[in-house]
Amino acid sequence: NSASVDHGAATTNGGVGVLHVPAIAGAAPSVVVKIQHSTNNSTWADLITFAAAVAATKQRIEVAAGTTVNRWLREVHTFGGTTTSITHNVAFARR
């Protein structure tokens, strides 16, 4: 899971999240990736949940304009299967 990123302030214009998984391996591998946001860098809420990746994938999810995106963002992921490993990149752009 990633360290948090401080964006200085909340915004209300939504944004876009992108997940790129070029490689995933293991016995029945899967991973669920989320982008979470926080007002205080302590209590987190899901902002985006990408569909479970079981193979190489690219996903893009929009957060609607008018939606509050809190000051702090981080990426979290949960593995399924056995000995799952992934190569991945997650990005979020505010509007």
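Everything below is about the structure shown above.
So, here's what we can say about the structure. A quick note: this is a predicted structure, and the numbers were derived from the prediction, not measured.

**Overview of the pairing of strand 3 (residues 45-49)**
Then comes step 1: With 4 bridges connecting them, strand 2 (residues 15-38) and strand 3 associate as antiparallel partners. Within strand 3, the residue paired with lysine 34 across the bridge is threonine 49.
Then comes step 2: The hairpin turn running from strand 2 into strand 3, its antiparallel successor, is 6 residues long, and asparagine 41 in that turn takes a positive phi close to 65°.

**Focus on the nonpolar core**
Then comes step 1: In terms of nonpolar packing, the biggest core is built from 15 residues, with Ile35, Leu47, Ile48 and Phe92 touching the most fellow members.
Then comes step 2: Counting only elements with at least two residues in this core, the list comes to strand 2, strand 3 and strand 5 (72-94).
Then comes step 3: Per-element accounting of this core gives the leading share, 6 residues, to strand 2.
Then comes step 4: Beyond its immediate stretch of four places on either side in the chain, phenylalanine 92 contacts Gly14, Gly15, Val16, Gly17, Ile35, Leu47, Ile48, Val63, Val69 and Leu73.

**Focus: the pattern of salt bridges**
Then comes step 1: By the definition in use, this model includes 4 salt bridges.
Then comes step 2: Where arginine 95 meets glutamate 62, a salt bridge forms, and the shortest distance between an N and an O atom there is 2.8 Å. Highlighted residues: arginine 95 in the segment after strand 5 and glutamate 62 in strand 4 (residues 57-63), separated in sequence by 33 residues.
Then comes step 3: Bridged by salt links that share partners, the residues Arg60, Glu62 and Arg95 form one connected network.

Criteria and cut-off values
- Residues numbered from 1 in each chain as written.
- Predicted model: local features only at pLDDT ≥ 70, side-chain atom pairs only at ≥ 80, totals over all residues.
- Heavy atoms only, no water.
- Pairing = 2+ DSSP bridges.
- Helix = DSSP H or I, 4+ residues; strand = E, 2+ residues; numbered from the N terminus.
- Core = buried A, V, L, I, M, F, W, Y, C linked by side-chain atoms within 4.5 Å.
- Buried < 20%, exposed > 50% of the residue type's maximum accessible area, 1.4 Å probe, protein only.
- Contact = heavy atoms within 4.5 Å.
- Salt bridge = Lys/Arg side-chain N within 4 Å of Asp/Glu carboxyl O.

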